Each structure stands twice: as structure tokens, then as C-alpha cells.
Amino acid sequence: MSSHDAVTEAATDRRRWIALAIVMTAAFMDLVDATIVNIAIPSIERDLGASFGAIQWITAGYALAFAAGLITGGRLGDIYGRKRLFLFGTAGFTVASALCGFAADSEMLVASRLLQGAAAAMMVPQVLSIIHVTFPAHERGKVFGMFGAIIGLGAVSGPLLGALLTQWNIAGLEWRPIFLINLPVGIAGLLLGRKFITESKAPKALRLDLVGVLLVTLALLMLIYPLTRGRELDWPLWGHLCMAGSLAVFGALVAYEKYKTRKDGSPLVELSLFRVKSFAAGIAVQLTFGVVMGIFFLVWTLYMQIGLGWSPLKAGLTGVPFSIAVSAAAGLSVQSLVPRFGRKVLQAGALTMAAGVLLYIWEAGRYGTAIHSWQMILPLVVMGLGMGLIVAPLTDAVLSDVPREHAGSASGLINTTGQMGNALGLGLVSVVFYGVIDEERLARAPGEVGAAFTDAFQNALGWAVAVLAGIFLVMFALPAKPKQHVEGADAEADEPAGEPMPHQEPALTH
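Cut-offs used in this document
- Residues numbered from 1 in each chain as written.
- Predicted model: local features only at pLDDT ≥ 70, side-chain atom pairs only at ≥ 80, totals over all residues.
- Heavy atoms only, no water.
- Helix = DSSP H or I, 4+ residues; strand = E, 2+ residues; numbered from the N terminus.
- Buried < 20%, exposed > 50% of the residue type's maximum accessible area, 1.4 Å probe, protein only.
- Contact = heavy atoms within 4.5 Å.
- Areas by Shrake-Rupley, 256 points an atom, 1.4 Å probe, with all protein chains shown as cover.
- Expected span 1.5 Å × (residues − 1).
- Axes fitted to C-alpha atoms, helices over the stretch in contact; angles between N-to-C directions.
- Parallel < 35°, antiparallel > 145°, perpendicular 65-115°, else oblique.
- Left-handed = near helix turned anticlockwise from the far one by under 90°.
- Nonpolar A, V, L, I, M, F, W, Y, C, P; charged D, E, K, R; others polar.
- Salt bridge = Lys/Arg side-chain N within 4 Å of Asp/Glu carboxyl O.
- Phe/Tyr/Trp six-rings, centres within 6.5 Å; stacked < 30°, edge-to-face > 60°.
- Core = buried A, V, L, I, M, F, W, Y, C linked by side-chain atoms within 4.5 Å.
- Patch = residues over 30% accessible without salt bridge, like charges linked within 9 Å, V, L, I, M, F, W, Y side chains within 5 Å.
- pLDDT = per-residue confidence, 0-100.

Caption draft 1: Expanded view of the overall build of the chain. What the chain contains, in helices and strands, is 18 helices and 0 strands. Taking all 510 residues of the chain together, the buried fraction comes to 55%. A separation of at least 24 residues holds for 84% of the contacts in the chain among residues at least 6 apart in sequence. With an accessible surface of roughly 20,700 Å², the chain has 66% of that area assigned to carbon and sulfur atoms.

In C-alpha cells form, the structure reads like this:
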């Protein structure tokens, strides 16, 4: 190799690691934003006089817009270029963050959060695609391991960051810096992304399935909107009809996607994937696990800050052992446990997490409103270990039997169902948590708020245990030993030298 070639290769190597840092920072920003809001909710409620319905929309609206747009965002990246869509999404996310930070009332905040979720749906699907085309197969295992660690860190550091920013009350802005912090990060991502990320598209020209986009968005809205507003409106008949109707719309989506596959081979959802048993089971696990996460993080915040009257900082610091346990278990799970024990690790995670939740229910009942932070450490660590064993290896397990050419489409569906589950869980909070609180009684006896919120917290966690038991059973359909990055390594040998393997969402052509 000549010295010129060596210099060129070193420069290319440096560029792709900078590109990796940029896209991972964007993914981190999105994850922090999804969790950071929970801890600041009581502060937002006081400052804007927001109703409980508005509070749910501030959290669920983001998850819903994100879920509804993820598959579309991935497909748009394939058609128009992943770098272009990534930069477009990052710009939209930054602008929406500014609008959230300067929101004058709860309506403006909800609208800005919907916009933020939609922009994230353009930005986030490109992250895995850009990693896929930037790194050769033999390096991807290491890179995805780093990506998993960043995801774990982002999901669990959000509450602590939110607590610190809210508690510090920078320049008297109270909760607003939790959104404004995205501005310098987003601007830096745009400037560096333009310079260091390499553009890529799907090798086969694809068309955007607009009817599919409309149907999937409508079905999600019909299911989650009535759940979120139902309690506030005293469960009207139209809400029940809407939820039942969403099943019909999902049915119409399936029928249309079959037709679209036959017509031009560019469906929004690759239905053939659901014939792969491990993929279908993994999607079910992802959806139900998202429900558990959506319920737990919101009710946990409400319990600590409103029920127990703790400050945002105390609530945020209480979650630190949970964060550490998730990160530690996630690393251990991917690197040494799953390669040896396969799906048993994920099942052990579901049971461990359920044990932690049961322990939390017992402690909340045993100590009531006199409970201390240190008494929560044990259940939170047990729950965190269980969650870490599941979240890191789940994607690999779901994708292990999926044909290589459909990896892109499958990744989009995994992300979408996780977010959909999250939005569903946030919607269900009105049923499993607020459904057992007698607000009229609390208005007459404010001193009973702590006891009422503790009861509601225990009830919501009881539902979470039931869902985790279901997840454990569904996991039997996952492959016993996930095939990790085997196909990628084989495929790379067949690739032309110097040509990145395209991460595509190709049409079904056979």
C-alpha cells in the first residue's frame, strides 16, 4: 500500500467514526427527549395549568407522532437519500425543540411535541441505515454494541438530566431548558453531518406508499386518541367505536399492502416478514414491552413527585441505581450471556423484571408515604437488571431469522411497534392509574393524595407484572440461539471491494 493510500484510508476511517458519533448523538438526543419530559411534568402542570389530558398528550403525542412516521421516514431515506433525510429531520427536531421551550400554553406545547415526534421519525430511522452503509459487516457487531450502550444510556439518563435542569431553574425558565438544551446539539449535528456523513440510497428505485402511510397513521390515532382522552370525557360511546374501528383500519392496511406488493412491489410494510415465526413473536414482545415502559415511567414520576411530594432532583436521583443496572446488564447480556444461553437470557430478564416490580408493589404498600429513596434501591436494581437483559439483545433475536434483503424493513417495524407500545402504555395510564383515583374525594381531602397515589401506583404496577408474564410466554417463539451477524459476515465476502453493503427496504420481487 502506498503512503498516499494509507493517508486516504486513515482519513476515510476518521470520517466514518465522526459520522458514527454524529448519528449516535442524534439517537441519544431523541431518547433523552422521550424520557426527560416525565420528570418535569409536575413543573409543566403548575406553570401552564395543564389538564391531565394535556399532560398525557405532551408525552403520548410525541410517541404517537414518532411511531406513525417511523416506517415512512425509513422509506423516504431509501428513496431520497439517508443523509438528506437525517439532516432534514435534525433541523425539524431542533426547530420543534425551540417551539417546545418557548411554548406559551399547553396547547402550543402539545402541538410542538407532535411536530418534534414527526421530525424524530424522519431522523432516527436513518441512524441504523447510515451505520449499515458506513461500516463493513465484520465491524458492525462492535458498532451495534456501542449503539446499544448509547440507547441504554439515553433512555435512562433522561430523567436525571430533566431533574437537574428543572431543579436548577436556569434564568427562571423552570422546565423549559429540558427542550432548549437540544438547540446547540441539533445545530452542531447539522453542521458536522453535512461535512462528514456520506450520502446513500436504496439501489432499487422505490415508490412511497401514501395510502399505506395514511392507513397506518389513522389506525394508530383511532386506537390511542380515545384511550388518552377517554377518562377526561367520561368514556363516551364514540371512543369505544373508534377503538373498535381501528381494528378494521388495520385490516384494511393489511389488504392494501398485499395488493401494493402485487402491483408494484413497493409496500410500506413488508408483510412476508410476519411469516417468520421469530419475527412475529419478537414484534409482539416489542409491542407489549413498550406498553410496560410507557405505563411504568409515567406513573413512577407521578407517584414520587405528586404522591410522595418529592422534588424533581430527588426523584431523578432515585432512578440512578435503575440506570446503572440497565446499562450493566445490557452490556453483559449482549457480549457474554446471549451467545451462550440464547433466548433463556431474555426470558430470565422478563421474570427478573417482574420480580422487581412485585418487590416495588410490596414496598409501596409496606412503607406507604413514609418510604425513603434508599428503600427503593433493591426493587429498582432488580427491575433494571431484568430490563437490561431484554432491551439490548431483543433486536438481534427478532432479526436473526429475517432474510438479509428485508433487514431494513424489519428494523423499521421493530422501532415502530416499540414506540406504538409506548404510546399505548401512556394512553393506558388513564385507566390503570387515574382510573382508581377518586378526584372528587381528593378535592375535599387533599391530605389523602399520597395514599391515593400509592394505591394507584400499586395497581398500575400489578398490570405491568401481568404483561411481563405474557412477554415471558411469547418469548418461547423466539429462536433458541440468535444468529448474530453471521449472515452479514458471509455477505461481505460476496460484496465488490470498496462498495458498502446497502441497508435497504427493498420490495418483494418474488
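Caption draft 2: Focus on the environment of Val-357. With respect to the helices and strands, Val-357 occurs in helix α13 (residues 343-367). Spatially, the C-alpha atom of Val-357 lies 9.3 Å from that of Gln-458, the residues being 101 residues apart in sequence. For Val-357, the contacting residues outside a window of four places in its chain are Met-383, Leu-461, Val-465 and Leu-468.

Caption draft 3: Structural view of helix α17 (residues 449-474). Given a rise of 1.5 Å per residue, 26 residues ought to cover 38 Å, and the 38 Å separating the end C-alpha atoms of α17 matches this to within 8%. Of all the residues in α17, the buried ones are Gly-450, Ala-452, Phe-453, Thr-454, Ala-456, Phe-457, Ala-460, Leu-461, Ala-464, Val-465, Leu-468 and Ile-471.

Caption draft 4: Region of interest: unusual backbone geometry. For Glu-174, which is not a glycine, the phi torsion comes out positive at approximately 50°. Within the secondary structure, Glu-174 is located in the loop between α5 (137-168) and α6 (177-180). Of note in this structure, Trp-235 is not a glycine but carries a positive phi near 45°. Looking at where Trp-235 falls in the secondary structure, it is placed in the loop between α8 (210-229) and α9 (237-264). Looking at Trp-235, the relative accessible area reads 31%, which means it is partly exposed.

Caption draft 5: Quick peek at the environment of Ala-19. By the secondary structure assignment, Ala-19 is in helix α1 (residues 3-48). In this structure Ala-19 comes out as buried when scored by relative accessible area, which is 3%. Setting aside chain neighbours within four positions, we find Ala-19 in contact with Phe-196 and Ile-197.

Caption draft 6: Broad picture of helix α3 (residues 82-101). Taking 1.5 Å as the rise per residue, α3 with 20 residues should run 28 Å; its terminal C-alpha atoms sit 28 Å apart, in good agreement. For α3, a buried count of 14 out of 20 residues is recorded, marking the element as mostly surrounded by other parts of the structure.

Caption draft 7: Structural detail: the packing of α3 against helix α7 (residues 182-196). Packing of α3 against α7 brings their axes to within 9 Å, and their N-to-C directions diverge by 160°. Taken as axis vectors, α3 and α7 run roughly antiparallel relative to one another. Judged by the sense of rotation from one axis to the other, the crossing of α3 with α7 is left-handed. Where α3 approaches α7, its residues Lys-83, Leu-87, Thr-90, Ala-91, Phe-93, Thr-94, Ser-97 and Ala-98 are matched on the opposing element by Asn-182, Leu-183, Gly-186, Ile-187, Gly-189, Leu-190, Gly-193 and Arg-194. Residues of the contact of α3 with α7, tallied by class, amount to 7 nonpolar, 7 polar and 2 charged.

Caption draft 8: The arrangement of the pattern of salt bridges in detail. Inspection of the entire model under this criterion finds 4 salt bridges. Notably, a salt bridge pairs Asp-78 with Arg-82, separated by 2.6 Å at the nearest N-O pair. The class for Asp-78 is buried, based on a relative accessible area of 3%. Residue classification places Arg-82 among the buried residues on the basis of a relative accessible area of 0%. Between Lys-260 and Asp-264 there is a salt bridge, and its shortest N-O distance comes to 2.7 Å. One end of the pair is Lys-260 and the other is Asp-264, both in helix α9 and 4 residues apart, which spans about a single turn. With relative accessibility at 5%, the residue Lys-260 sits in the buried group.

Caption draft 9: Quick look at the packing of aromatic side chains. In total, this model carries 20 aromatic pairs according to the counting rule given. Taking the centre distance of 5.5 Å and the plane angle of 65° together, the rings of Phe-296 and Phe-297 count as edge-to-face. Neither Phe-296 nor Phe-297 differs from the other in exposure class; each is buried. Geometrically, the ring pair formed by Trp-362 and Tyr-367 is edge-to-face, given 6.4 Å between the ring centres and 80° between the ring planes. In this structure Trp-362 comes out as partly exposed when scored by relative accessible area, which is 49%. You can call Tyr-367 partly exposed: its relative accessible area is 28%. Each residue in the set Phe-296, Phe-297, Trp-300 and Phe-322 is aromatic and connected to the rest through ring pairs, giving one cluster.

Caption draft 10: Spotlight on the side chain of Arg-16. Mapped onto the fold, Arg-16 is located in helix α1. Owing to a relative accessible area of 15%, Arg-16 belongs among the buried residues under this scheme. In this structure, Arg-16 is in contact with Thr-134, Phe-135, Pro-136 and Glu-139, ignoring residues within four places of it in sequence.

Caption draft 11: Quick peek at the nonpolar core. If you look at the biggest cluster of nonpolar residues, it comprises 109 residues, and the most contacted ones within it are Phe-279, Tyr-360 and Phe-433. Top contributing element to this core by residue count: helix α10 (residues 277-307), with 17 residues. Ignoring sequence-local partners within four residues, the contact set of Phe-433 consists of Val-299, Leu-302, Phe-453, Ala-456, Phe-457 and Ala-460. One finds Leu-20, Leu-87, Phe-93 and Phe-196 within the second-largest nonpolar core, a separate group that totals 31 residues.

Caption draft 12: Here's a closer look at a nonpolar patch on the surface. On the surface, Leu-221, Tyr-225, Leu-233 and Trp-238 cluster together into a nonpolar patch covering about 350 Å² of accessible area. With respect to the helices, strands and loops of the structure, Tyr-225 is situated in helix α8.

Caption draft 13: Highlighting the confidence of the model for the chain. The share of residues in the chain with pLDDT of 70 or more is 88%, and the mean pLDDT across the chain is 82. Counting contacts from residues 3-7, a segment whose pLDDT is below 50, to residues more than four positions away or on other chains yields 1 contact. Across residues 484-510 the pLDDT falls below 50, and counting only partners more than four positions away or on other chains, this stretch makes 66 contacts in the model.

Caption draft 14: Representation of the packing of α13 against α17 within the structure. The N-to-C vectors of α13 and α17 enclose an angle of 165°; their axes lie 9 Å apart at closest approach. What the angle tells us is that α13 and α17 run roughly antiparallel. Of the two possible hands of crossing, α13 and α17 adopt the one that is left-handed. Residues Gln-347, Ala-350, Leu-351, Met-353, Ala-354, Val-357, Leu-358, Tyr-360, Ile-361, Ala-364 and Gly-365 of α13 form the contact with α17, whose own contacting residues are Thr-454, Phe-457, Gln-458, Leu-461, Gly-462, Val-465, Leu-468, Ile-471 and Phe-472. Taken together, the residues of the contact of α13 with α17 sort by class into 15 nonpolar, 5 polar and no charged.

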